[in-house]
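Observations on the three-dimensional arrangement
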Amino acid sequence: MRTIRCHVDAPLSVGATATLSETATGHLVRVLRLGVGNAVVLFNGDGHDYDARLVAVGKRGAEAEVLGARALANESPLAITLAQGVARGEKMDLVLQKGTELGVAAFAPINTERTEVKLDAERAEKRLAHWRGVLVAACEQSGRARVPSLASPLGLAQWAGGTHAGLKLMLDPDGELTLAALPPTDAVTLVVGPEGGLSERDLATLRAAGFKGLRLGPRILRTETAGLAAIAALQSRLGDL
């Protein structure tokens, strides 16, 4: 039987009553046809699933009583941070959705020399809210109880100058490393360029920050393919796939 999971942006505890958002209520009631007494599973990103049942349903929201809590252990032992060159529309959504399903722990949208999507402060805030929704929905579907972190978009040079965990890699068709040559590690920070790829200036900036080039094979992959292929391969090589 399908488990119906719903994200709640609030603390959860056994015996408490959780208020569901209007959006979540609409999905549960209008799409899934649930009503009072039906079982749902709630999560808020703390690593637990909370068994609950609906106790009230209205047009603008619903309430669920929390009956029990279960710690989940389905996070990857390989903590992957994906620094993705901001891509257009659905491509970015796809990377965030599938990356979450594949176990990415953190996402960092970056603006590179060839980034085509230009976001002012207002648009950036709206896109961040949308992207967070994509991550939450992917966690609901995939069974993850920890929502990946999502950083605000930064320019590549500013982002590269920060602190980055584990093995520092950038996808580069001429990179010096292959998957087979990677050393054991429990963390990887991976940089993927936007539609036009990483420019020579981008590559130089990253190399100066300690990143090494990783090549995946003889074929050129689109931005929405490259990062996901690399993540799946890294999870197979070093993680839990």
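Just above sits the structure.
First things first, this report covers the structure right here in the doc. (Residues numbered from 1 in each chain as written. Predicted model: local features only at pLDDT ≥ 70, side-chain atom pairs only at ≥ 80, totals over all residues. Heavy atoms only, no water.)

Another point: the pattern of salt bridges. Tallied over the entire structure, the rule returns 13 salt bridges. As a salt-bridge pair, glutamate 116 and arginine 88 come within 2.2 Å of each other at their nearest N and O atoms. With glutamate 116 in the loop between β7 (106-111) and α3 (121-142) and arginine 88 in the loop between β6 (79-85) and α2 (89-101), this residue pair connects regions lying 28 residues apart in the sequence. Across the salt bridge formed by arginine 88 and glutamate 195, the nearest N and O atoms sit 4.0 Å from each other. (Salt bridge = Lys/Arg side-chain N within 4 Å of Asp/Glu carboxyl O. Helix = DSSP H or I, 4+ residues; strand = E, 2+ residues; numbered from the N terminus.)

The next point concerns the nonpolar core. Judged by nonpolar contacts, the single largest core of 30 residues is most densely connected at Leu82, Leu169, Leu182, Leu190 and Leu234. The set of elements that each furnish at least two residues to this core consists of β6, α2, α3, β10 (167-171), β11 (187-192) and α6 (223-238). Take this core: its biggest share by element is 5 residues, from α6. For leucine 169, the residues in contact, after removing those within four places along its chain, are Leu177, Leu182, Val188, Thr189, Leu190, Val191, Phe211, Lys212, Leu214 and Leu234. Ranked by size, the runner-up nonpolar core spans 17 residues in total, among them Ala18, Leu20, Leu54 and Ala64. (Core = buried A, V, L, I, M, F, W, Y, C linked by side-chain atoms within 4.5 Å. Buried < 20%, exposed > 50% of the residue type's maximum accessible area, 1.4 Å probe, protein only. Contact = heavy atoms within 4.5 Å.)

Moving on, we get to the layout of surface pockets. Estimated volume of the largest pocket: approximately 570 Å³. Together, 28 residues line the largest pocket, and Leu171, Pro173, Gly197, Ile220 and Leu221 are the ones closest to its centre. Of all the elements in the fold, those that place two or more residues in the lining of the largest pocket are α5 (200-208) and α6. The dominant element in the lining of the largest pocket, judged by the number of residues it contributes, is α6, at 3 residues. Counted as a void, the second largest pocket has a volume near 410 Å³. In terms of lining, the second largest pocket is formed by 17 residues, of which the most central are Arg5, Cys6, His7, His27 and Glu140. Secondary structure elements with two or more residues in the lining of the second largest pocket: β1 (5-7), α1 (22-31) and α3. In terms of residues, the lining of the second largest pocket owes the most to one element, α3, which gives 5 residues. Of the residues contributing to the lining of the second largest pocket, the split by class is 7 nonpolar, 7 polar and 3 charged. (1 Å grid on protein atoms, 1.4 Å probe; cavity = no way out; pocket = protein on both sides within 12 Å on 5 of 7 lines; lining within 4 Å. Points joined across faces, edges and corners; volume = space filled by probe spheres on them. Nonpolar A, V, L, I, M, F, W, Y, C, P; charged D, E, K, R; others polar.)

Keep in mind these numbers describe shape, not what the thing actually does.
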